[in-house]
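Coordinate inspection notes
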Amino acid sequence: MSFYFAIVGTKDNPIYEAEFGTSKQGGDGVARFREEQRSMNQFIVHSSLDIVEEVQWATPTMYMKCVDKFNNLQVSCFLTAGNIKFLLLHDQKADDAIRQFFTDVYDLYTKTLMNPFYEVDMRITSGVFDGKVKQAAKKYL
Amino acid sequence: MQRGDSLNSPFVPFSPNPSIQQGTPTSTPPLKHTLSSSTSSNLRYSSSRKSIYDRHLNRSQRSELSKASFAFLFGEMVQYAQKRVNGIADLEKKLNLHGYSIGQRLLELLLWREGRSAKRETRILGILQFITTTVYRSIFNKPADGLEKSRDNEDEYMLIDNDPMVNSYISVPKEMSQLNCAAFVAGIIEAVLDGCLFPGRVTAHSVPTEQLPAKTVFLIKFDESVIERESVLG
Amino acid sequence: MVILSLLILNKAGGLIFQRDFNEGLKKLSSNDYLVLAGTFHGVHAITSRISPVRNSGGGLEVLESDRFRMQCFQTLTGTKFLIFAEPNQPNIDVVVKRVYELYADYVMKNPFYQIEMPIRCEAFERNLVAYIKPK
C-alpha cells in the first residue's frame, strides 16, 4: 500500500511532496508505485483540486474524507484555515489513520509558518520537516 | 545535483519529469550548500540540535506581554515605516503590511489551538464573529466592542473598537490627523479574512466621541466575488 | 491638591513643557519662561557641586517661600520636573512621581515625539489635566 502526499498552496502551487509506503503488517515503508504510475501521481492529485474547491464551501469541517477517485486510487484532503490543501493519494480506505496523519502534519505546517522568514506559499525545504513528516507517516499509515 | 541559480529561490516550480526534479526535498541540497564553506554550515543548526519543530505551539498561549514593551516596539515600527514612505496613505499601507503577516500566522495558530472541533468559516457572519471574539481575545484579551453592517452598501461591515490598545500611548500631531496607527490591526484583520478566502480591504478610521476619544471603526469592504458567493450559498 | 504650575526641562536645560493650572497666576511671556528654565538649570548645576552633604548626587530639590513651594525632580537621564504648589501642600512627591509616570507613558511611547524637543502630545496634556484638576 503506497501513498503520495502533497501540500498545495493558496495559488495552487505545490509546496511539498513526499511518497511513502505503509509500515503496518510487515510493510517496509517504501512506496511501491509502478514506474508509469509515479509520474501520474502528481497529475491526479492536482486535478482533484477543482473538486476540493467546490466541496469546501459546502462543509465547514477541515478534514474532507475522500474527494476524488481515479481508477483504484482515492484522494483524501485536509483543508487548513489559511486555505492550504494537504492531499493524500492512497489505494485503500483508512479514514481514521489518515485523519491522525493530517493532524500531525497540520501541527508541523503551523510550526513552519511561525518562522518569520517563511511566507505563505513558499516551498518547504527543511530537512527536519521532511524527517518529521516521514516519522508521522510511519506512525499512522 | 547542480541547478545553478534556481537554487537560490524558494519558489522554484516543481517539474513532473523525474530526471530534472528528483522526488523529495531531502534530495535537494539546502540553499547555499555548494557556495558556503564548511564553517558557515555550522550556523544553520543550533548546537543543541533543537529546531522550531520541537517547541510546542501551546507553550506561549498563557504567557503575557508587558504593554510597555509592546508600545515601545510598536512606536519603533511606526518610526521605521515613517522614514521609508512619503505620505500618510503609504504609511498606513506599510503598517497594514506589518499586520498582514501577523494575521496569516495568527489564523492558523488559533484554528490549530481549537483542536479537533475546529471549523472553517464559510459565511461572512461566521468569519466576522470569529474575528470579533476569538482573534480579538487572543491579541487584546477582550472581544471587540461592536460589529455592524452598513445600511448603504451590501459589502461593507464595521468593526468597532472603543480604545484600540495599539493607539493608547500615541498622540498623532495635528498635521497628520488622518493617520490612525490602528492600520496595523486592520492589517491583521485583512489577513485573517484573506486566508479564509474573503478577499477585501480593511481600513481604520478614528471617530472620536465625547466619552470615547479614541474610538476607532474598522471598515471592512468585501470584494464582489464574496457577496456573490454568499448569495449563492443562501 | 492645589498645583499651580508644571515645567519640564530637557537635558540641556531648555524648556520643553510649561503649563499653568491656576487662573490667578501672573502670566509671563514665553521668553521669560525660557529664561527661567535656563536660570534654574544653571542654579541646579551649581548647587549640585557645592552641596555640603557628601555624595548627595543631586542639586537643588526644594525651594520654599511664603507664597509657594517649588519642588524639582531630576530623573536619571537629566530631565527635570519642576512643580509649583501651595506652601502647605503635602504629598508633592506623589504628584511628581505620577507626572513622571505620565511622561514616560504618553511622551516616550509616542513615535511622533522627538526626544528633547518641545512636548506637543495631546494625550499627555489630556491625562495631566485629568489628574491635576479632576472636575
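Thresholds applied
- Residues numbered from 1 in each chain as written.
- Chains lettered and ligands numbered in written order.
- Predicted model: local features only at pLDDT ≥ 70, side-chain atom pairs only at ≥ 80, totals over all residues.
- Heavy atoms only, no water.
- Contact = heavy atoms within 4.5 Å.
- Buried area = accessible area lost by both parts, 1.4 Å probe.
- Salt bridge = Lys/Arg side-chain N within 4 Å of Asp/Glu carboxyl O.
- Polar contact = N/O pair within 3.5 Å; in protein donor to acceptor, adjacent residues only side chain to side chain.
- Helix = DSSP H or I, 4+ residues; strand = E, 2+ residues; numbered from the N terminus.
- Buried < 20%, exposed > 50% of the residue type's maximum accessible area, 1.4 Å probe, protein only.
- Pairing = 2+ DSSP bridges.
- Axes fitted to C-alpha atoms, helices over the stretch in contact; angles between N-to-C directions.
- Phe/Tyr/Trp six-rings, centres within 6.5 Å; stacked < 30°, edge-to-face > 60°.
- Lys NZ or Arg CZ within 6 Å of the ring centre and 35° of its normal.
- Patch = residues over 30% accessible without salt bridge, like charges linked within 9 Å, V, L, I, M, F, W, Y side chains within 5 Å.
- Areas by Shrake-Rupley, 256 points an atom, 1.4 Å probe, with all protein chains shown as cover.
- pLDDT = per-residue confidence, 0-100.

Each partner contributes residues to the interface: chain C has 11 residues there, and chain B has 17 residues. Summing both partners gives a buried area of about 1100 Å² for chain C against chain B, and 68% of it is carried by carbon and sulfur. Broken down residue by residue, the surface that chain C buries against chain B is led by Lys-109, Pro-111 and Phe-112 of chain C, which jointly contribute 64%. Scanning the region where chain C abuts chain B turns up 0 salt bridges. Applying the counting rule to chain C against chain B returns 3 residue pairs in polar contact (both at pLDDT 80 or more). Residue assignment for the side of chain C that touches chain B shows that the elements contributing at least two residues are helix H2 (92–106) and helix H3 (122–132) of chain C. By residue number, the principal contributor to the side of chain C that touches chain B is H3 of chain C, which donates 3 residues.

Before going further, it helps to spend a moment on the pairing of strand S1 (residues 3–9) of chain C. Residues and elements named next belong to chain C. Most of S1 sits out of view: 7 of its 7 residues are buried. Of the strand pairs in this sheet, S1 and strand S5 (residues 80–85) are connected by 6 bridges, and their pairing is antiparallel. Across the sheet, the residue bridging to Leu-6 is Ile-83, located in S5. In this sheet, strand S2 (residues 15–20) lies alongside S1 in antiparallel orientation, the contact comprising 5 bridges. Bridging from a neighbouring strand, Leu-9 pairs with Leu-15 of S2. In this structure, the hairpin formed by S1 and S2 is closed by a connection of 5 residues, where Gly-13 is found at a positive phi of approximately 95 degrees.

The next subject is the pairing of strand S3 (residues 63–70) of chain A. Regular strands have side chains that alternate between both faces of the sheet. Residues and elements named next belong to chain A. Both S3 and strand S4 (residues 73–79) contribute to a ladder of 6 bridges, which runs antiparallel. From the neighbouring strand, Phe-70 faces S4, where its bridge partner is Leu-73. Between S3 and the antiparallel strand that follows it, S4, lie 2 residues; Asn-71 among them carries a positive phi value of about 50 degrees.

Okay, the sheet that holds S1 of chain C next. Residue and element names in this part refer to chain C. Strand order in the open sheet made by the 5 strands is S2-S1-S5-S4-S3, with antiparallel pairing throughout. Looking at strand neighbours, the two that pair on one side only are S2 and strand S3 (62–64), the edges of this open sheet. Strand-to-strand, the axes of this sheet are offset by a mean angle of 10 degrees, without reference to chain direction. Contacts from H2 reach S1, strand S4 (69–74) and S5 within the one sheet, and its direction differs from that of S5 by about 135 degrees.

Interface size is often expressed as the accessible area that is lost when the parts come together. Counting residues at the interface gives 43 residues for chain A and 34 residues for chain B. Summed over both partners, the interface of chain A with chain B comes to about 3800 Å²; 62% of that surface belongs to carbon and sulfur atoms. Counting the surface chain A buries against chain B, the share from its top three residues, Trp-57, Lys-111 and Arg-123 of chain A, is 23%. Linking chain A with chain B are 1 salt bridge. Notably, a salt bridge pairs Asp-54 of chain B with Lys-132 of chain A, separated by 3.2 Å at the nearest N-O pair. On the surface where chain A and chain B come into contact, there are 14 residue pairs in polar contact (both at pLDDT 80 or more).

Let us now look at the packing of aromatic side chains. By the definition in use, this model includes 26 aromatic pairs over all chains. Relative to Tyr-100 of chain C, the ring of Phe-73 of chain C lies with its centre 5.4 Å away and its plane at 65 degrees, an arrangement referred to as edge-to-face. Of the two residues, Phe-73 of chain C sits in strand S4 while Tyr-100 of chain C sits in helix H2, which places them 27 residues apart along the sequence. Given the relative accessible area of 21%, Phe-73 of chain C is considered partly exposed. Ring geometry for Phe-81 of chain C versus Tyr-103 of chain C: centroids 5.2 Å apart, planes at 85 degrees, classification edge-to-face. Here Tyr-103 of chain C lies in helix H2 and Phe-81 of chain C lies in strand S5, a separation of 22 residues in the sequence. In terms of burial, Phe-81 of chain C and Tyr-103 of chain C fall into one category: buried. Each member of the aromatic cluster is reached from another via a ring pair, and the members are Phe-5, Tyr-16, Tyr-63, Phe-78, Phe-86, Phe-101, Phe-102, Tyr-106, Tyr-109 and Phe-129 of chain A together with Tyr-53 of chain B. Taking NZ or CZ as reference, Arg-229 of chain B lies 5.0 Å from the ring centre of Phe-198 of chain B, over its face.

This part covers the pattern of salt bridges. Applying the stated rule across the entire model yields 17 salt bridges over all chains. Of the charged contacts, one joins Asp-130 of chain A and Lys-134 of chain A as a salt bridge, the two residues approaching to 3.4 Å between their closest N and O atoms. Taken together, the residues Asp-130 of chain A and Lys-134 of chain A, both in helix H4 (residues 127–140) and 4 residues apart, mark about one turn of the helix. Judged by its relative accessible area of 3%, Asp-130 of chain A is buried. Note on Lys-134 of chain A: relative accessible area 29%, which makes it partly exposed. The salt bridge partner of Asp-20 of chain C is Lys-27 of chain C, with a shortest N-O separation of 4.0 Å. We classify Lys-27 of chain C as exposed; its relative accessible area is 58%. Salt bridges sharing common partners tie together Lys-142, Asp-145 and Asp-161 of chain B.

We now examine a nonpolar patch on the surface. A cluster of nonpolar residues, Met-40, Phe-43 and Phe-70 of chain A, forms a patch on the protein surface that exposes about 280 Å² of accessible area. Checked against the element boundaries, Met-40 of chain A lands in helix H1 (residues 35–47).

Moving on to the confidence of the model for chain C. Residue and element names in this part refer to chain C. Across chain C, the average pLDDT comes to 88, with 99% of residues at 70 or higher. At the level of individual helices and strands, chain C shows its lowest average pLDDT in S3, which scores 86, and its highest in S5, which scores 92. Across the interfaces of the predicted complex, the ipTM metric reaches 0.85, alongside a pTM of 0.82.

Another aspect to go through is the environment of Val-45 of chain A. Along the chain, the position of Val-45 of chain A falls in helix H1. Once residues lying within four places of it in the same chain are set aside, the contact partners of Val-45 of chain A are Tyr-4, Ala-6, Leu-87 and Leu-89 of chain A.

Moving on, we come to the sheet that holds strand S4 (residues 216–222) of chain B. All names here are of chain B. Pairing is antiparallel in the open sheet, where 4 strands are placed in the order S1-S2-S4-S3. Looking at which strands have only one partner, the edges of the open sheet turn out to be strand S1 (146–149) and strand S3 (200–206). The mean angle between the axes of side-by-side strands here comes to 20 degrees, regardless of whether they run parallel or antiparallel.

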